[in-house]
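Observations on the three-dimensional arrangement
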Amino acid sequence: MTSNHPVRVRMAPSPTGYFHLGGARTALFNWLYARHTGGKFILRIEDTDQTRYVPESLQDTIDSLRWLGLDYDEGPEIGGDYGPYFQSQRLPLYHQWSEWLIREGHAYRCYCSEERLDALRKEQAARKEDALGYDRHCRFLTTRERAEMEATGARAVVRFAMPLEGQTAFVDILRKMKPWENSQVRDPILIKSDGFPTYHFANVVDDHFMAITHILRGDEWLSSVPLHVNLYRAFGWEMPVYAHVPLILDPSGVGKLSKRKKRTEGNEDLLTFVREYRDAGYLPEAMFNFLAVMGWAYSPDTDLFSREQAVAKFDIVDINPAAGALPMSKLDWMNGHYIRQLSPADLGERLLPFLAEDLGWPVAALAADPALPLLVPLIQERLKTLADAGELVDFAFVAEISYDPQMLVAKGLTAAQSLAALETAHRLLSGLPFTVEVLEPALRDLAVELSLKPGQLFGILRVATTGKNVAPPLFGSLVALGRERTLARCTQAEQLLRQLEAGS
Ligand code: GLU
């Protein structure tokens with residue numbers, strides 16, 4: 001089942017919380033299909049549920065889509081020919097078409113009070129009825145009863161008059177669907193008593209008037225399709241193509257805004273919100289690739305592909321409707337790959353906000369520090385996320401380092417021997433130009449001269465200058481630190497070793 005019109009697909013989030021990973025994956029598939037076909041990708045904000053509205057979520061959605069590089073062709077902030085793109089600004093359209101349905105006998109006003117509906121629900125529960133729902137009381141009011149209700153000024157909702165019998169079949173291009181019994185769908189509300197449309201009604205009306213050709217969305221909406229299909233039929237509108245993709249995250253809890261979560265090593269559970277991935281130091285390139293392989297395969301040989309490659313090859317029918325979530329370790333691996341692909345200058349730029357936060361420095365000051373471009377190439381290979389950089393390079397940006405003096409004592413040596421080695425290295429370093437080409441052979445020769453293993457000498461120097469056992473390659477680190485700070489830190493370490501010796 002395909003459409004003959006130019007492809008128009010949409011992402012239609014409800015602004016009820018931060019933009020989550022499942023939404024991002026749905027947006028990605030829609031975007032890929034639009035770009036693959038030369039069609040349009042539309043962002044529509046489904047803000048008709050006033051009770052669940054969370055103001056920050058709109059900006060978060062826009063920021064998340066931009067960060068992932070999923071540019072939309074029509075929508076908030078940019079407009080387009082089919083606007084407005086906020087449902088709350090389209091109320092007259094919904095009223096016009098709900099009135100049309102009433103006139104045509106496909107919808108009716110229902111005056112039932114909350115109390116009546118509550119009592120009905122309790123009664124049905126007591127009788128253990130299968131299909132719970134509205135009993136269609138107001139559907140069969142006489143003209144006179146209706147006029148009387150109107151005269152009381154009772155608040156009304158508009159309900160859809162579902163066919164009472166028969167079945168509704170519908171096609172999803174990704175899966176086989178069993179037909180639904182129409183009697184199971186109990187005349188859902190189209191317009192609420194506050195005058196706002198329900199999701200189902202606004203969604204169908206907008207998909208039609210925005211000329212949406214393909215609906216690619218999470219499979220939590222599958223059970224709504226029988227109603228949607230009947231709405232299209234009642235209107236006599238052409239139906240879009242449906243493709244429901246499996247959830248990768250349970251959407252429950254998506255409404256609540258969680259604080260930034262630190263990822264714990266070894267925890268394979270996915271983070272919930274796109275912003276959490278950005279804050280945890282994942283690259284948008286890696287996220288794009290990671291989201292795409294959750295349900296789609298570029299090739300049987302590789303999971304790594306560029307945005308352009310995905311656009312060239314993507315088709316909805318290739319989505320695997322059974323695929324679920326992947327573990328975080330897969331994303332870490334992809335992220336490391338994309339980090340290694342960056343030029344050091346680009347990586348440095350991207351590291352700035354992370355390092356600035358870790359160090360408590362202004363970004364501009366960090367950007368101007370000559371140590372940064374020297375250190376970035378040294379750590380590029382080792383980073384899984386941008387957030388990993390801080391603990392590797394902070395030694396070059398802090399005035400003082402602190403560490404356990406015991407760490408200065410090399411394996412197999414005493415404190416006195418370690419001190420002697422450090423003093424000799426210190427003397428040598430004070431007379432050398434600080435380049436890797438000079439320092440490396442000089443210190444290697446010194447190790448031989450002192451009958452030390454290189455690891456012993458380099459270990460002492462590493463701790464003395466960085467305060468760490470694990471740090472970026474030593475010679476590059478010394479160059480980034482510069483002669484003055486390197487020598488000062490040697491002096492400090494020698495004092496610590498002397499104290500150790502005196503104490504032992
Ligand atoms: N507003 C719905 C949501 O938040 C849109 C579902 C659809 O794409 O039809 O997921």
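The residue numbering used here restarts from 1 in each chain and proceeds along that chain's sequence as written. Where local features are concerned, this predicted model is filtered to residues with pLDDT of at least 70; where side-chain atom pairs are given and counted, the filter is 80 or more; whole-chain, interface and lining totals use all residues. Excluded from the side-chain calculations are hydrogens and water; all other atoms, namely the structure's heavy atoms, are used.

The aromatic pairing rule takes the rings of Phe, Tyr and Trp, using the six-membered ring of Trp, and pairs them if the centres are within 6.5 Å, calling planes under 30 degrees apart stacked, those over 60 edge-to-face and the rest tilted. Applying the stated criterion across every chain yields a total of 20 aromatic pairs. Relative to Phe288, the ring of Trp31 has its centre 5.7 Å away and its plane inclined at 90 degrees; by these criteria the two rings are edge-to-face. Within this pair, whereas Trp31 is found in helix H1 (residues 21-37), its partner Phe288 is found in helix H9 (residues 284-292), the two being separated by 257 residues in sequence. Type-normalised accessible area, obtained with a 1.4 Å probe on protein chains alone, sets the label of each residue: buried when under 20%, exposed when over 50%, and partly exposed for intermediate values. Looking at Trp31, the relative accessible area reads 5%, which means it is buried. A connected cluster of aromatic rings, assembled from ring pairs, spans Trp97, Trp100, Phe201, Phe209, Phe235 and Trp237. Under the scheme used here, helices are H or I runs from DSSP no shorter than 4 residues and strands are E runs no shorter than 2 residues, and both carry numbers assigned from the N terminus.

Between N-to-C directions, angles span 0 to 180 degrees; the directions come from axes that are lines fitted to C-alpha atoms, helices contributing only their stretch in contact. Where helix H6 (residues 199-209) meets helix H7 (residues 225-235), the closest approach of the two axes is 10 Å, and the angle between their N-to-C directions is 55 degrees. Overall, the two elements H6 and H7 adopt an arrangement that is oblique. The way H6 lies across H7 gives a crossing that is right-handed. Of H7, the residues touching H6 (which contributes Tyr199, His200, Phe201, Asn203, Val204, Val205, Asp207 and His208) are Leu227, His228, Leu231, Tyr232 and Phe235. Of the residues contributing to the contact of H6 with H7, the split by class is eight nonpolar, four polar and one charged. For classification purposes, an angle smaller than 35 degrees is called roughly parallel, one larger than 145 roughly antiparallel, one from 65 to 115 roughly perpendicular, and anything else oblique. For a crossing to be left-handed, the near helix must be turned anticlockwise from the far one by less than a right angle; the clockwise case is right-handed. It only takes one pair of heavy atoms within 4.5 Å for two residues to be counted as in contact. Think of it as three bins: nonpolar holds Ala, Val, Leu, Ile, Met, Phe, Trp, Tyr, Cys and Pro, charged holds Asp, Glu, Lys and Arg, and polar takes everything else, Gly as well.

Let's shift gears to the site of the ligand. Throughout, near means a residue has at least one heavy atom within 4 Å of the molecule or strand. Around the ligand, the surrounding shell consists of Arg10, Ala12, Pro13, Ser14, Glu46, Tyr199, Asn203, Arg217 and Trp221. Think of a polar contact as two N or O atoms within 3.5 Å of one another; within protein, one of them needs to be a possible hydrogen donor and the other a possible acceptor, and neighboring residues in sequence only count if both atoms come from side chains. Between an oxygen atom of the ligand and a side-chain N or O atom of Arg10, the distance comes to 2.6 Å. Between the ligand and Tyr199 there is a distance of 2.8 Å, counted from an oxygen atom to a side-chain nitrogen or oxygen. Accessibility throughout is a Shrake-Rupley quantity obtained with a 1.4 Å probe, and a residue counts as covered only by protein chains that appear here. Here the ligand, which alone exposes 300 Å², has 84% of that area covered by the protein. Within the shell around the ligand, the residues separate by chemical class into four nonpolar, two polar and three charged.

What follows is about the confidence of the model for the protein chain. By definition, pLDDT measures how confident the predictor is in each residue, and it falls between 0 and 100. Chain-level pLDDT for the protein chain is 93 on average; 95% of the residues reach the 70-or-more range. Here residues 253-261 is a poorly scored stretch, pLDDT under 50, and it has 21 contacts once near neighbours within four places are set aside; other chains count.

The subject of this paragraph is the state of the cysteines. The criterion for a disulfide is a pair of cysteine sulfur atoms lying within 2.5 Å. Tallying each qualifying case throughout the model produces zero disulfides. Summary of cysteine pairing: Cys112 is not part of a disulfide, and the nearest cysteine sulfur, belonging to Cys138, is at 3.6 Å. The buried category is assigned to Cys112, whose relative accessible area is 15%.

Any Lys or Arg side-chain nitrogen found within 4 Å of a carboxyl oxygen on Asp or Glu counts as a salt bridge. Throughout the structure, instances matching the rule amount to 26 salt bridges. With its nearest N and O atoms 3.4 Å apart, the salt bridge here joins Arg35 to Asp71. One end of the pair, Arg35, is in helix H1; the other, Asp71, is in the loop between helix H2 (56-68) and helix H3 (91-103), and 36 residues separate them in sequence. On the accessibility criterion, Arg35 (22% relative accessible area) is partly exposed. A relative accessible area of 42% places Asp71 in the partly exposed class. The residue Arg275 makes a salt bridge to Asp60 at a minimum N-O spacing of 2.9 Å. Highlighted residues: Arg275 in helix H8 (residues 274-279) and Asp60 in helix H2, separated in sequence by 215 residues. The structure contains a network of salt bridges with shared partners spanning Arg10, Arg44, Glu46, Arg90, Asp206 and Asp207.

Now for the sheet that holds strand S7 (residues 189-191). Sheet architecture is open: three strands sit in the order S3-S4-S7, paired in antiparallel fashion. The two strands at the open ends of the sheet, each matched to only one other strand, are strand S3 (107-110) and S7. On average, adjacent strands in this sheet sit at an angle of 45 degrees to one another, irrespective of strand direction. For two strands to pair, DSSP has to find at least two bridges joining them. Note: strand S4 (residues 157-160) against S7, two bridges, orientation antiparallel. In the strand pairing of S7, Arg159 is matched with Ile189.

Attention now goes to the side chain of Asp60. Among the residues examined, Asp60 registers a relative accessible area of 3% and is labelled buried. Among the polar contacts listed, one links the side chain of Asp60 to the side chain of Arg275, at a separation of 2.9 Å. When sequence neighbours within four positions are dropped, the list of residues in contact with Asp60 reads Tyr18, Phe19 and Arg275.

The subject of this paragraph is unusual backbone geometry. A cis amide bond links Gly83 to the next residue, Pro84, at an omega of -5 degrees. Positionally, Pro84 belongs in the loop between H2 and H3. Backbone geometry at Ala211 places phi at a positive 55 degrees, although glycine is not the residue there. The topology assignment puts Ala211 in the loop between H6 and strand S8 (214-218). The residue Ser451 is not glycine, and still its phi comes out positive at about 55 degrees. Tracing the backbone through its elements, the reader meets Ser451 in the loop between helix H17 (436-449) and helix H18 (454-466). Taking the relative accessible area as the measure of exposure, Ser451 reaches 66% and is therefore exposed.

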